[in-house]
Amino acid sequence: MIQIQNLHKSFGTLEVLKGIDLSIPKGTTAVIIGPSGSGKTTLLRCLNLLEIPDQGNIQLGDQIIQFKAGAKLKSKEVVDFRKNTGMVFQGYNLFPHLTALENVMEGQVTVLKRSKTDAEAKARKLLEKVGLKERADMYPHQLSGGQQQRVGIARAMAMDPQVLLFDEPTSALDPELVGEVLKVMKDLAKENMTMVVVTHEMQFAQDVADQVIFMDQGVVVEKGTPEQVFQQTSNQRTLQFLNKVSSR
Ligand SMILES: Nc1ncnc2c1ncn2[C@@H]1O[C@H](COP(=O)(O)OP(=O)(O)OP(=O)(O)O)[C@@H](O)[C@H]1O
Ligand SMILES: [Mg+2]
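Residues numbered from 1 in each chain as written. Chains lettered and ligands numbered in written order. Predicted model: local features only at pLDDT ≥ 70, side-chain atom pairs only at ≥ 80, totals over all residues. Heavy atoms only, no water.

**So, the site of ligand 1**
Around ligand 1, the structure places Phe11, Leu14, Val16, Pro35, Ser36, Gly37, Ser38, Gly39, Lys40, Thr41, Thr42 and Glu168. Separating an oxygen atom of ligand 1 from a side-chain N or O atom of Thr41 is a distance of 2.8 Å. When the free accessible area of ligand 1 is taken as 640 Å², the share hidden by the protein chains comes to 58%. When grouped by side-chain class, the residues that make up the shell around ligand 1 number 4 nonpolar, 6 polar and 2 charged. (Near = heavy atom within 4 Å. Polar contact = N/O pair within 3.5 Å; in protein donor to acceptor, adjacent residues only side chain to side chain. Areas by Shrake-Rupley, 256 points an atom, 1.4 Å probe, with all protein chains shown as cover. Nonpolar A, V, L, I, M, F, W, Y, C, P; charged D, E, K, R; others polar.)

**Regarding the pattern of salt bridges**
Overall, the coordinates contain 10 salt bridges when judged by the stated rule. Between Glu51 and Arg45 there is a salt bridge; the shortest N-O distance is 3.2 Å. Among the residues examined, Arg45 registers a relative accessible area of 27% and is labelled partly exposed. Residues Arg114 and Asp160 are paired through a salt bridge, measuring 2.7 Å at the closest nitrogen-oxygen approach. Taken together, the positions of Arg114 in the loop between helix H3 (100–110) and helix H4 (116–129) and Asp160 in the loop between helix H5 (145–157) and strand S7 (163–167) put the pair 46 residues apart, joining distant regions of the chain. Each of the salt bridges in this network shares a partner with another, and the network as a whole consists of Arg114, Lys122 and Asp160. (Salt bridge = Lys/Arg side-chain N within 4 Å of Asp/Glu carboxyl O. Buried < 20%, exposed > 50% of the residue type's maximum accessible area, 1.4 Å probe, protein only. Helix = DSSP H or I, 4+ residues; strand = E, 2+ residues; numbered from the N terminus.)

**Examining the layout of surface pockets**
Considered as a void within the structure, the largest pocket measures approximately 580 Å³ in volume. Contributing to the lining of the largest pocket are 23 residues, with Arg82, Thr85, Met87, Val111 and Met159 lying nearest its centre. Only helix H2 (75–83), strand S6 (85–88), H3 and H5 provide two or more residues apiece to the lining of the largest pocket. The biggest single contributor to the lining of the largest pocket is H3, with 6 residues. Taken as a whole, the second largest pocket holds about 170 Å³ of empty space. Gly34, Pro35, Gln240, Phe241 and Lys244 are, among the 12 residues lining the second largest pocket, the residues nearest its centre. Elements represented by at least two residues in the lining of the second largest pocket include exactly strand S9 (211–216) and helix H9 (236–246). Considering every element that reaches the lining of the second largest pocket, the biggest residue donor is H9, with 5 residues. Looking at the lining of the second largest pocket, its residues break down into 4 nonpolar, 4 polar and 4 charged. (1 Å grid on protein atoms, 1.4 Å probe; cavity = no way out; pocket = protein on both sides within 12 Å on 5 of 7 lines; lining within 4 Å. Points joined across faces, edges and corners; volume = space filled by probe spheres on them.)

Following this line, the structure appears as structure tokens:
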């Protein structure tokens, strides 16, 4: 379970997150939607402590971190927290000089100190899960964008995180490759992986999200089931956004 309370983040004088409250139960998928610049990426980066929030608190499992401007976090606290949040980015960020298999082994060996044998066994299992069993020994440049992104998902999963964070995982892909990545994410949702997904794929949100969160200008404007947000909303800002997205 992830609980976010009163989360604030500014860059200089620009306040990007203006007091975010969210609750994401274990085993559920939350999809975050909203216009460009609304703070979606910043929120995900705060959840992974790639950005340190100025105020508020985040609970992940039984770990709670409180943020106060100027207060320094303990590095052990940060490391523990990061281990539990796997991030999948828009670009694939794979190590170019490592094979798919080695990419999925890397963090297991260096961060989690697993033996190479265990790390390899786990990596092979995960590559099979994302449909890339036969591609384990290929380098990123030998893989399509969709395949690279699936390696990225396997790599994040290999760390056994409590939650997977996705920042527009399909937006850099050619349209014909989007489906294979969404399919992997759908399977993970079915297996009750806890996921927070920023995406413009409204059909995915409709089909897979337990909770849809609409952000605009640094606040959560509305959250609810896909039906509540997509079909039943009477909120003007939500309606305006949905209109824009559907007419693209
Ligand atoms: N490191 C940074 N330094 C200064 N400003 C930043 C930084 N990161 C983000 N911002 C600003 O914060 C605001 C929110 O950015 P963010 O990337 O979170 O939006 P987003 O909702 O993910 O947008 P998009 O849909 O375009 O990805 C933007 O105005 C952006 O310019
Ligand atoms: Mg973004």
